[in-house]
Amino acid sequence: MSQAHNRAGLAIGFVLFGVFCISLNDMLIKQLSSGYPLHQIVFIRSLIGLMVSCVFLQFEGGWVALRTDRPLLHVMRGVLVVIANMSYFLALAVLPLADATALFFVAPLFITLLSIPLLGEKVGPLRLGAVLVGFIGVVIMQRPWETSDSMSISRIVLLLPVLSALTYALNQLMTRKLGVKAPASALAIYIQAVFLVVSLVFFCVAGDGRFAANTSNASLQFLLRAWIWPAPEDFWVLVGLGLNGGLIGYSLSQAYRLADAATIAPFEYIGLPLAVFWGLMIFGDLPSWEVWTGIALILSSGLFVFFRERAKARTVTKRPVARRH
């Protein structure tokens, strides 16, 4: 078994574990969204996640590994992650878990598509066709045949997970470039630090809840309500979110360091059935026919992209592979 194959297999393991942790993260944050402000949850999660990432860092070179000659790129990556998370969680406060997750899963399609201009990866017409099928699924979930007045959820809310997907895809492709020199734990630490800064800025501006009193929108309430001391039954949930956040940051950063984005991205689709499972078991929600249709189209297109990529990999196993890292 080749070294390249070993690295791809390890990367797949990291991304599967990371996506499972993400599904737990989404379920827990949705549970907390009616009582705590988003920036408080983010602050606690990032503070604990930063501690976890610092532990991992000691096994990947120690503090010296935090040195970088591209600090601006790390800041840009952190900002993209903040936008991706904030926009997704704002939608999650209103949308059923499966709906928000299904809309977000245009992200692997964005990754495959954007890997062409940003990473120089070759994506053939068959995989491009599969990406188109996936985007059709996203359009169906947007329900373009309905008027805004007849919809129970704002179109802006429906577009928030798509914005999250785009910024997440850009982040992962940037991880691929940065990961050549930076260990996964360092990448995770930079992101957690940006989260802490942003959440503290939100606290200084809106931490007393004065802006929340002017809106009845559930998403804005989640963003702007006042910080409160956690209830005893929620304390360990918040601690678990922090530990989970550290595992997510490390696992996904490591996955995209070890293998090509177009190879790893399709495995993130395991998050779709996980979202349906948590939505049904915890919140009693079942997806509508539009969401089921979208899930089917996105999942089938993602699997096609994966199997096409694997078939192409088999055709070149007898030739030396040019490594980029």
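What comes next is a walk through the structure. Residues take numbers from 1 onward in each chain, read along the sequence in its written order. Totals for whole chains, interfaces and linings use all residues, but because this is a predicted model, local features are given only for residues with pLDDT of at least 70 and pairs of side-chain atoms are given and counted only at 80 or more. Side-chain descriptors were evaluated using all non-hydrogen atoms of the structure, hydrogens and water having been removed beforehand.

### Some points on the packing of helix α8 (residues 184-206) against helix α10 (residues 232-258)
So the rule is basically this: The convention used is that axes are lines fitted to C-alpha atoms, helices contributing only their stretch in contact, and that angles between N-to-C directions extend from 0 to 180 degrees. A run of H or I in DSSP becomes a helix once it reaches four residues, and a run of E becomes a strand once it reaches two; helices and strands are each numbered from the N terminus. By the definition adopted for this analysis, an angle is roughly parallel if under 35 degrees, roughly antiparallel if over 145, roughly perpendicular if from 65 to 115, and oblique otherwise. The handedness criterion is simple: a crossing whose near helix is rotated anticlockwise from the far helix by less than a right angle is left-handed, and one whose near helix is rotated clockwise is right-handed. Contact criterion: two residues are considered in contact whenever any of their non-hydrogen atoms come within 4.5 Å of each other. All residues other than Ala, Val, Leu, Ile, Met, Phe, Trp, Tyr, Cys, Pro, Asp, Glu, Lys and Arg, Gly among them, are scored as polar; the first ten of these are nonpolar and the last four charged.
Running from N to C, α8 and α10 cross one another at 130°; their axes reach a closest spacing of 8 Å. One element, α8, and the other, α10, form an angle in the oblique class. The crossing of α8 and α10 is right-handed. Contacts between α8 and α10 involve Ala-184, Ser-185, Leu-187, Ala-188 and Gln-192 from the former and Gly-245, Gly-246, Gly-249, Tyr-250, Ser-253, Gln-254 and Arg-257 from the latter. Taken together, the residues of the contact of α8 with α10 sort by class into 4 nonpolar, 7 polar and 1 charged.

### Focus: the environment of Trp-289
Mapped onto the fold, Trp-289 is located in helix α13 (residues 289-315). A sequence separation of 148 residues divides Trp-289 from Met-141, and the C-alpha atoms of the two residues are 9.0 Å apart.

### Focus: the packing of aromatic side chains
Using the following cut-off: Two aromatic rings from Phe, Tyr or Trp, using only the six-membered ring of Trp, form a pair when their centres are within 6.5 Å; if the ring planes differ by under 30 degrees the pair is stacked, by over 60 it is edge-to-face, and anything between is tilted. When a residue's accessible area, from a 1.4 Å probe over protein chains only, is under 20% of the maximum for its type it is buried; when over 50% it is exposed; and in between it is partly exposed. We call a charge positioned above a ring when the Lys NZ or Arg CZ atom is no farther than 6 Å from the ring centre and deviates by at most 35 degrees from the ring normal.
Tallied over the entire structure, the rule returns 11 aromatic pairs. Arranged with centres 4.5 Å apart and planes meeting at 20°, the rings of Phe-56 and Tyr-250 form a pair that is stacked. Here the residue Phe-56 occupies a position in helix α2 (residues 38-57), and Tyr-250 occupies one in helix α10, the gap between them amounting to 194 residues. Geometrically, the ring pair formed by Phe-203 and Trp-227 is tilted, given 4.6 Å between the ring centres and 55° between the ring planes. On the criterion of sequence distance, the pair formed by Phe-203 in helix α8 and Trp-227 in the loop between α9 (218-224) and α10 is long-range, its members being 24 residues apart. On the accessibility criterion, Phe-203 (37% relative accessible area) is partly exposed. An aromatic cluster is present here, built from Tyr-88, Phe-89, Phe-104, Phe-105 and Tyr-168 joined pairwise through their rings. Its end group placed over the ring of Phe-283, Lys-30 keeps NZ or CZ at 5.7 Å from the ring centre. Stacked on the ring of Phe-195, the Lys or Arg Arg-45 has its end atom at 5.5 Å from the ring centre.

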